[in-house]
Amino acid sequence: MQMVKKIFVILLAFWIATILLAPKRDLYFFAQKKLQKSGILLKAETIEEAPLGVTLEELRLSYNGLTLGTWKEVRIWSLIFYSEIDAEDFVPSTMLQYLFDGKIAKMRLRYSLLRPKRITLTLFGTLGTARGWIDLKTRTIFLQWTKIGKLGSLQKYMKHDKRGWYYERRF
């Protein structure tokens, strides 16, 4: 039993040391490189490391050369088995203003190794409140609106059923 405790303590210490000593800035650059293969470009004005993650300020989001908008602040943190991205104050570019004239106040993405093919997603803003998921296996995005705000032109891309308004799309 003593040997099992020692092994457990060593594994726990290794896990904590890996989290605290890992280069967090490289986490952002890794994601940037992977997304660039799909035509998605991320460019942050400032990058600050924290003990469990990284904070990006003024993160500009572009797709195939077209700027979609800017996130005021994005915090990425990871415990290796569980990761979370909190993004605040998305202001769409003038090109997207025709779709919706509001902003996304907060977005949260969560990923866990317990469900490796699914990312959960939560949105709050002038559009309302939505919860959903991104399924990486079937390449599907699903958002169910729990509170409707100013949807504007986005409403024509959404569907309605007995549970309310939702958005579903394959990518």
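Structure: above.
Residues numbered from 1 in each chain as written. Predicted model: local features only at pLDDT ≥ 70, side-chain atom pairs only at ≥ 80, totals over all residues. Heavy atoms only, no water.

Chemist: How should I be thinking about the packing of aromatic side chains in this particular structure?
Modeler: For any pair of aromatic rings, the description consists of the separation of the ring centres together with the inter-plane angle of the planes. Following the criterion strictly, the structure yields six aromatic pairs and no others. A network of ring pairs unites the aromatic residues Trp133, Phe142 and Tyr166 as a single cluster. We note Arg118 situated over the ring of Trp133; from NZ or CZ to the ring centre the distance is 4.3 Å. (Phe/Tyr/Trp six-rings, centres within 6.5 Å; stacked < 30°, edge-to-face > 60°. Lys NZ or Arg CZ within 6 Å of the ring centre and 35° of its normal.)

Chemist: Would you mind showing me how to read the pairing of strand β10 (residues 164-170) here?
Modeler: Note that strand β8 (residues 140-148) and β10 share five bridges and pair antiparallel. Residue pairing in the sheet places Ile141 in a bridge with Arg169 of β10. Alignment of strand β9 (residues 159-161) against β10, held across three bridges, turns out to be antiparallel. Across the sheet, residue His160 finds its bridge partner in β10, namely Trp165. The hairpin turn running from β9 into β10, its antiparallel successor, is two residues long. (Pairing = 2+ DSSP bridges. Helix = DSSP H or I, 4+ residues; strand = E, 2+ residues; numbered from the N terminus.)

Chemist: Would you mind showing me how to read a nonpolar patch on the surface here?
Modeler: Side chains of Phe8, Val9, Leu12, Ile16, Leu20, Leu21 and Leu52 sit close together on the surface and give an oily, nonpolar patch of about 680 Å² of accessible area. Along the chain, Val9 turns up in helix α1 (residues 2-21). (Patch = residues over 30% accessible without salt bridge, like charges linked within 9 Å, V, L, I, M, F, W, Y side chains within 5 Å. Areas by Shrake-Rupley, 256 points an atom, 1.4 Å probe, with all protein chains shown as cover. Salt bridge = Lys/Arg side-chain N within 4 Å of Asp/Glu carboxyl O.)

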